[in-house]
Amino acid sequence: MSILALMLNATIWGLSWWPFRQFEGAGMHPLWTTVIMYALSWAVVLLSQRGAVSEWLRSPGLWVVTLAAGMTNTAFNWGVSTGDVVRVVLLFYLMPLWAVLLARVVLHEPLTAMAGLRIALALGGALAVLAPADGGWPVPSSLPDVLGLVGGMTFAFNNVMLRREAARSPGARALAMFTGGVLVAGLSAVAMAGHGLAPWPSLPDAVWLLPLAGMALLFFVSNLSLQYGAARLPANVTAVVMLTEVPVAAISALLLGGGTLDGKTALGGAAILGAAMLAALERHRA
């Protein structure tokens, strides 16, 4: 049951790019969709978790979680809505690279030989994915590429901070994460709307409110599934199961026209996934 819960979470995230693009086609920028989606979940947590607000307000570490979670969701949702889904998801899953470096800085964890191998694999995979087809420097070539990288980096930071704040109540941590999704995406949307880059939210018909509410419900269930499964399984098992998101996103994008896959991207993706598997193996040995 716990593994199924994690697979449900990964599947929802892996398929999330498609409804985000449908809403964008109907006139709702991904940032506004993110704000509305997380506002509903935020309201549920706020009303059901008494004491979560006061605990969040007096916990500076949870403020950092708020910022990191907000940047993660904003970057990922925006990236997969506007770019090549396969590239964005693979760059997002460079988390093993960022996790090693952040755990060293924040948690003072030692750098091991296995960690060095993970860094080498992740970096090699990133260089392959980012390498231009006509040669040149392997650097992000579009905004979605940057969003994928930023999203993965802040997600790793979010996970490290959640480990640091493990003594806080689940309600306070959930409130911090949903608050971040509303605040960061909201401020970004308002700033872009002011420059004409993200039109104020509008849908062609009220019937669109039903799938929007359904999407918010799915993401709320996804969060609950993650908390349920991660609390009952070893960390290494959780890490491996969560990689289900990559093939789900890649296959759905290839079938539905949301991305492409060439040889160098496939090679780079294999290296990135290999780094993630090594991270899970290292946690198991620890």
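Right above here is the structure, for reference.
Conventions used here
- Residues numbered from 1 in each chain as written.
- Predicted model: local features only at pLDDT ≥ 70, side-chain atom pairs only at ≥ 80, totals over all residues.
- Heavy atoms only, no water.
- Core = buried A, V, L, I, M, F, W, Y, C linked by side-chain atoms within 4.5 Å.
- Buried < 20%, exposed > 50% of the residue type's maximum accessible area, 1.4 Å probe, protein only.
- Helix = DSSP H or I, 4+ residues; strand = E, 2+ residues; numbered from the N terminus.
- Contact = heavy atoms within 4.5 Å.
- Axes fitted to C-alpha atoms, helices over the stretch in contact; angles between N-to-C directions.
- Parallel < 35°, antiparallel > 145°, perpendicular 65-115°, else oblique.
- Nonpolar A, V, L, I, M, F, W, Y, C, P; charged D, E, K, R; others polar.
- Salt bridge = Lys/Arg side-chain N within 4 Å of Asp/Glu carboxyl O.
- Left-handed = near helix turned anticlockwise from the far one by under 90°.

Engineer: I'm lost on the nonpolar core in this one. Help?
Structural biologist: For soluble globular proteins, nonpolar side chains are generally found buried alongside one another. Counting 67 residues, the largest nonpolar core has Met37, Val89, Tyr93, Leu94 and Phe219 as the members making the most contacts within it. For this core, the element with the most residues is helix H10 (residues 170–194), which contributes 8 residues. Setting aside its immediate chain neighbours within four residues, Met37 contacts Phe20, Asn77, Met215, Ala216 and Phe219.

Engineer: Would you mind showing me how to read the packing of helix H5 (residues 60–82) against helix H6 (residues 85–92) here?
Structural biologist: Close contact between H5 and H6 brings their axes to 9 Å; oriented N to C, the two are set at 155°. Of the possible angle classes, the one that applies to H5 and H6 is roughly antiparallel. Counted together, Thr72, Phe76, Gly79 and Val80 of H5 and Val85, Val88, Val89 and Phe92 of H6 form the full contact between these two elements. In terms of residue class, the contact of H5 with H6 is built from 6 nonpolar, 2 polar and no charged.

Engineer: Which parts of the structure should I look at to understand the pattern of salt bridges?
Structural biologist: Side-chain pairs of opposite charge can arise whenever the charged atoms involved come near each other. With the rule as written, the count across this model stands at 2 salt bridges. The salt bridge partner of Asp145 is Arg87, with a shortest N-O separation of 2.6 Å. Linking Asp145 in helix H9 (residues 143–164) with Arg87 in helix H6, this pair joins segments that are 58 residues apart in sequence.

Engineer: What should I look at first to understand the packing of helix H3 (residues 30–48) against H5 in this one?
Structural biologist: What describes two packed helices is the angle between their axes and the distance between those same axes. One can describe the packing of H3 onto H5 by two numbers: an axis separation of 9 Å at closest approach and a directional angle of 135°. If you check the angle between H3 and H5, you find them oblique. Every pair of crossing elements has a handedness; the one defined by H3 and H5 is right-handed. For the pair formed by H3 and H5, the contact residues are Pro30, Leu31, Thr34, Met37 and Tyr38 on the first element and Asn73, Thr74, Asn77, Trp78 and Ser81 on the second. By residue class, the composition of the contact of H3 with H5 is 5 nonpolar, 5 polar and no charged.

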